[in-house]
Amino acid sequence: MEDIIVNGVKVGQVDEAGDVADSTARSITLPSGAMATVRIGKGRDLIKVQKGADPNDPNAQDMFMFAIVAQLAKIDGKHITKEQLLDMPLADVLALQKEVVGDNFLSLIPATSQS
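Nothing here was measured: the structure is a model prediction, and the numbers come from that model.

Definitions and limits used
- Residues numbered from 1 in each chain as written.
- Predicted model: local features only at pLDDT ≥ 70, side-chain atom pairs only at ≥ 80, totals over all residues.
- Heavy atoms only, no water.
- Salt bridge = Lys/Arg side-chain N within 4 Å of Asp/Glu carboxyl O.
- Helix = DSSP H or I, 4+ residues; strand = E, 2+ residues; numbered from the N terminus.
- Pairing = 2+ DSSP bridges.
- Contact = heavy atoms within 4.5 Å.
- Axes fitted to C-alpha atoms, helices over the stretch in contact; angles between N-to-C directions.

1. A word on the pattern of salt bridges
According to the stated counting rule, one finds two salt bridges in the structure shown. The closest approach of N and O atoms between Glu99 and Arg26, which form a salt bridge, is 2.7 Å. Here Glu99 is found in helix H4 (residues 90–101), whereas its partner Arg26 is found in strand E3 (residues 26–29), with 73 residues between them in sequence.

See below:
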């Protein structure tokens, strides 16, 4: 870890992967026993996930929550992908979803357009 100093004040840390440590991140033990770290999402996270979505993919809406979780969570200190989430135990996936956006996670999934 390397400290990030701005005007002589420590404002964060960068790890080996170049990620800025977030002091608001929470650590949880998943039902499988794996350790997860989930940071608080920001608008830029949402934009990044939306930019990465393929508008021609009929599964894009279904993958939205997985993309948000993958953007904000690490498991055992490693980044995860939405594809890795597909193969995780359901209890772990649900625990991560709840941690990322709370009890109302379904309200974040964009509504389908009725054309």
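2. Quick word on the sheet that holds E3
Taken together, the four strands give an open sheet; going across it, the order is E3-E4-E5-E6, and neighbouring strands pair in antiparallel fashion. Each edge of the sheet is formed by a strand with only one pairing partner; in this case those strands are E3 and strand E6 (78–79). Examined bridge by bridge, E3 and strand E4 (residues 35–38) share four bridges and lie antiparallel to one another. Residue pairing across strands places Ile28 opposite Ala36, the latter belonging to E4. With respect to the sheet, H4 is in contact with E3, E4 and strand E5 (73–75), its orientation differing from that of E4 by roughly 25°.

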